[in-house]
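Architecture and fold: a report
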Amino acid sequence: MGTTSPERILATLDDAQRSAALAVDGPVRIIAVAGAGKTRTITRRIAYACASGVWDPTRVLAVTFSVKAANEMRERLDALQVPRGVRASTFHSAALRQMREVWPDICEGPFPDVTEDKSALVAQALYRFNGIRPKEQPKQSVYEVGAEIDWCKVSLITAKNYARVCAATHRTPPAGLEPGQFATVYEQYEAEKNSRFEIDFNDILLLACHVLDAFPDVAKRIRRQIGWLTVDEYQDVSPLQHLLMTRWLGSNRNICVVGDPAQTIYSFAGATSYYLEHFGKEFAPLTADIALNRDYRSVSPIVGYANRVLGGSAQRQDYIRLESGRGTGSRVMSRIYETDAAEAQAVARQISRILAQGGNASDCAVLTRVGGQQTLVAQALKQANIPYRLRRNMNWQSSALAGTARQETAETSNAGVEQLGVEKGRVTISTIHAAKGLEYKHVFVIGLSEGLLPYKPQSDDGDVEEERRVLYVALTRAEDTLHLSFAKRSDSQTTYVRRLSRFLQ
Ligand SMILES: Nc1ncnc2c1ncn2[C@@H]1O[C@H](COP(=O)(O)OP(=O)(O)OP(=O)(O)O)[C@@H](O)[C@H]1O
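Computed from a predicted structure; not experimentally measured.

Turning next to the overall build of the chain. Tallying secondary structure elements over the chain gives 20 helices and 17 strands in all. Taken over C-alpha atoms, the radius of gyration comes to 24 Å for the chain, in line with the 23 Å a tight globule of 505 residues would show. When its C-alpha atoms are laid out on the principal axes, the chain stretches across 65 × 65 × 45 Å. By residue count, 55% of the 505 residues in the chain fall in the buried class. Here the contacts in the chain between residues at least 6 apart in sequence split such that 80% fall between residues at least 24 apart. A total of about 22100 Å² of accessible surface is found on the chain, and carbon and sulfur atoms cover 50% of it. Looking at charge distribution, the chain has the averaged site of its 62 positive side-chain charges lying 3 Å from that of its 56 negative ones.

Counted according to the given criterion, the structure contains 32 salt bridges. A salt bridge links Asp203 to Lys153, with the nearest nitrogen and oxygen atoms 2.7 Å apart. Of the two residues, Asp203 is situated in helix α10 (residues 201-214) and Lys153 in helix α7 (residues 139-154); the sequence distance between them amounts to 50 residues. In this structure, Glu192 engages Arg196 in a salt bridge whose closest nitrogen and oxygen atoms are separated by 2.8 Å.

Averaged over every residue, the pLDDT of the chain is 91; residues scoring 70 or more account for 92%. Counted against residues more than four places away or in other chains, residues 402-409, with its pLDDT under 50, gives 20 contacts. Counting contacts from residues 415-423, a segment whose pLDDT is below 50, to residues more than four positions away or on other chains yields nine contacts.

The UniProt entry lists residues 11-299 under the feature "domain: UvrD-like helicase ATP-binding" (unreviewed entry), expressed in the numbering used here. Secondary structure over residues 11-299 splits into 52% helix and 12% strand, and the C-alpha atoms at its two ends are 23 Å apart.

With that out of the way, let us pick up the environment of Glu198. Here Glu198 shows up in strand β5 (residues 198-199). Since its relative accessible area comes to 18%, Glu198 is described here as buried. For the pair formed by Glu198 and Thr115, sequence separation is 83 residues and the distance between their alpha carbons is 5.6 Å. Look past the residues within four positions of Glu198 in its chain and what remains in contact with it is Pro112, Asp113, Thr115, Leu121 and Lys193.

Another point: the sheet that holds strand β1 (residues 28-32). Judged by pairing direction, the sheet is parallel, and its six strands sit side by side in the order β3-β2-β6-β7-β1-β8 without closing on themselves. Bordering the open sheet on either side are β3 (87-90) and β8 (288-292), each of which pairs with just one other strand. In this sheet, adjacent strand axes meet at a mean angle of 15° when their direction is disregarded. In the sheet, β1 pairs with β8 via five bridges, with the strands oriented parallel. Each bridged residue has a counterpart across the sheet, and for Ala32 the counterpart in β8 is Leu292.

This part takes up the site of the ligand. Every one of the 17 residues lining the ligand counts as a neighbour, but Gln17, Gly35, Lys38, Thr39 and Arg297 are closest to it. Within the side chain of Gln17, an N or O atom sits 2.9 Å from a nitrogen atom of the ligand. Glu439 places a polar side-chain atom, nitrogen or oxygen, 2.9 Å from an oxygen atom of the ligand. About the coverage of the ligand: the protein hides 82% of its 640 Å² of free accessible area. At three residues, the largest contribution of residues to the shell around the ligand is made by helix α3 (residues 38-51). Considered class by class, the residues forming the shell around the ligand number three nonpolar, seven polar and seven charged.

Looking now at a positive patch on the surface. A contiguous patch of positive charge, built from Arg331, Arg335, Arg349 and Arg353, is present on the exposed surface. Considering the arrangement of structural elements, one finds Arg349 in helix α16 (residues 340-356).

Each value, and the rule that gives it
- Residues numbered from 1 in each chain as written.
- Predicted model: local features only at pLDDT ≥ 70, side-chain atom pairs only at ≥ 80, totals over all residues.
- Heavy atoms only, no water.
- Helix = DSSP H or I, 4+ residues; strand = E, 2+ residues; numbered from the N terminus.
- Rg over C-alpha atoms; globule rule 2.2 N^0.38 Å.
- Buried < 20%, exposed > 50% of the residue type's maximum accessible area, 1.4 Å probe, protein only.
- Contact = heavy atoms within 4.5 Å.
- Areas by Shrake-Rupley, 256 points an atom, 1.4 Å probe, with all protein chains shown as cover.
- Lys, Arg positive; Asp, Glu negative; His and termini not counted.
- Charge placed at Lys NZ, Arg CZ, Asp CG, Glu CD.
- Salt bridge = Lys/Arg side-chain N within 4 Å of Asp/Glu carboxyl O.
- pLDDT = per-residue confidence, 0-100.
- UniProt positions renumbered as here; feature names shortened; annotations may be inferred.
- Pairing = 2+ DSSP bridges.
- Axes fitted to C-alpha atoms, helices over the stretch in contact; angles between N-to-C directions.
- Near = heavy atom within 4 Å.
- Polar contact = N/O pair within 3.5 Å; in protein donor to acceptor, adjacent residues only side chain to side chain.
- Nonpolar A, V, L, I, M, F, W, Y, C, P; charged D, E, K, R; others polar.
- Patch = residues over 30% accessible without salt bridge, like charges linked within 9 Å, V, L, I, M, F, W, Y side chains within 5 Å.

Here you go:
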């Protein structure tokens, strides 16, 4: 395979992207709005530094949060003919690989198994606490307790500290438990896991932090493999991931972070844009601090709409205004329907029209706040003989482990493909969270009413702000046309009338 010349690698970058790619030493922050080409910029920065001989490819690590994003990065690096030694992976798979590699030097026994069934551990922990047999534990409680244990771990909160954190932050434990009771269940979970000689996903990172702290020789070996570290989606880093990042670096300052504070949509799971915002202080002085504000993805009416949604925020000073990198296009369409079924059928009709005009099904996406909204849309597309696939986000952390059979998102599809031919593909019906990082020519965002977006009118301002960012992520997936809608009632029998989402008023 030939190599691409350093200058050719930079050829398709604009001035701001180019200056980010040229800053190959020391701490670099790139704040990029949606569609600003951050993936393009960081992959070309890596390719340029390797091709020009400044970086040793075998010591380059780029981490991101999902298997999908890591695969995408690897594909782009391959396309740029970056030497194989460059690693693009998730935090979890990078840490797991390191731990498996060094384990024989620090421990006699085998490396523990990564648990395949966290719910079983949680159900067992609840059983030890309340005496209800694991199989009879309410599924919702098991899910919520599992999510809270994850949140504690990524937030670096131990069972011992949990009650204090709840008191200080007015946090309510899940499943009707008191803080002290939840702490007991959390302890039981840890005990059950240890007794099975298993670790969970967060333990991989906790273990890596511990090994890097406690075994200086091993730490030196791991750090030698990470000469240049790039962290993508840095607005979604958790305190645990940040801790690991600092342990990987040691005294090394070759760190590049890239992210968008307006796309933080995982705060509920412990992610925080704090580290992106404070990177300048933490790693001062920075070699480069670059803002990419040109959206190359969306036509200007969509960019204008996304700016309006962010502009309505009390935190708008934290977000960067988008500039359109493309010309003008169709205006954003907004519609109100009588019922959810009418909304779904209208979306199917509009997609039929796009297809009749020669469009591809794979260029269309219907985005929903929650998975439950997808059934009616799927039925309507099926009735209209339009092939589709469903994307739902699984637990975002368990999706972060590459090299297992796990998929980034749960995907199912209907069998109508032969109607259109494979080359015309399928319409994507996706939750907004699962569509993060993706782009489609035609996007339909449905259910834009109070209660659905923002999801459940929430009392906490922080939660509502996160919902605004979720909407922003949805809007900025669209390239050419954007269709917004909501239905007044869930069905014709319901008397409760929904109101338009506050974000669109
Ligand atoms: N300099 C450029 N010139 C032309 N097109 C560009 C340029 N930079 C990026 N693009 C295009 O803009 C779109 C978005 O780029 P990319 O997927 O790299 O963005 P991103 O910043 O990672 O997106 P997001 O954060 O919204 O997920 C892509 O279609 C890409 O090809």
